[in-house]
Amino acid sequence: MGRCPNCKNPVYAPMPGAAPVTPGAQPRPAARPGTQGAQPRPSSGANRPTASTAKPARVTAKLQVVRADSAQQVIGKSFGLIGGKPNVIGRDPQVDIAIPSDRISRRHCQLEPTPDGVFVLTDLGSSNGTLVNQEKINGRKVLLGGEYIQIGDVLLRFLDQ
């Protein structure tokens, strides 16, 4: 375990047995099962559900808490991500995924699903930043599944279902 050069928070390595992370290397996009050669569907809006026929949003991915130094009670907990809307993560009890750690901003980051089914992680101007596989993100970062996300002293694993 090392320390962030900016904020001095612990920076965790992936769990034992996980693929090694090479500093500076970008993860290779993996083809999603059943999508080889598939093209994105055009969105005409003609078949969109109306308010009276819309189905409830479903969980399409999840975040699992791997480590949390100042929030031991959430270790091992999984949070389902709802498709169709941004999922805000932070320490504020009013956000979608609330984690009670003083080292996390009230509205730290968000995971937003795209129309083609992937999630995009965005830091929301947090004090300590957001890391994906030990690299600080600037702007938006597409997640494919299996990535480790560190916010403050909390390490999460993004699992695409």
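Residues numbered from 1 in each chain as written. Predicted model: local features only at pLDDT ≥ 70, side-chain atom pairs only at ≥ 80, totals over all residues. Heavy atoms only, no water.

Peer 1: Before we move on, could you go through the pairing of strand β13 (residues 154-160) and cite the residues and values that matter?
Peer 2: As paired elements, strand β12 (residues 148-151) and β13 share four bridges and run antiparallel to each other. In the strand pairing of β13, I149 is matched with L156. Hairpin connection, β12 to β13: the antiparallel pair is bridged by two residues, and G152 has positive phi, about 60 degrees. (Pairing = 2+ DSSP bridges. Helix = DSSP H or I, 4+ residues; strand = E, 2+ residues; numbered from the N terminus.)

Peer 1: Please give an account of the pattern of salt bridges that cites residues and values.
Peer 2: Note on pairing: side chains with opposite charge can pair once their charged atoms come close. Summed over the entire model, instances satisfying the criterion amount to two salt bridges. A salt bridge links D96 to K85; the shortest N-O distance between them is 2.7 Å. You can see D96 sitting in the loop between β5 (87-90) and β6 (97-98) and its partner K85 sitting in the loop between β4 (78-82) and β5, a full eleven residues away along the chain. On the accessibility criterion, D96 (39% relative accessible area) is partly exposed. For K85, a relative accessible area of 32% gives the class partly exposed. The shortest N-O distance in the salt bridge between R103 and D153 comes to 3.8 Å. Separated by 50 residues along the polypeptide, R103 in the loop between β6 and β7 (109-113) and D153 in the loop between β12 and β13 bring together distant segments of the chain. (Salt bridge = Lys/Arg side-chain N within 4 Å of Asp/Glu carboxyl O. Buried < 20%, exposed > 50% of the residue type's maximum accessible area, 1.4 Å probe, protein only.)

Peer 1: How would you explain the sheet that holds β6 if you had to name every residue and give the values?
Peer 2: With mixed pairing, the five strands of this open sheet are ordered in space as β6-β5-β7-β8-β11. This sheet does not close on itself; its edge strands, each paired only once, are β6 and β11 (140-143). Note that β5 and β7 share three bridges and pair antiparallel. Its bridge partner being in β7, I89 is matched across the sheet by C109.

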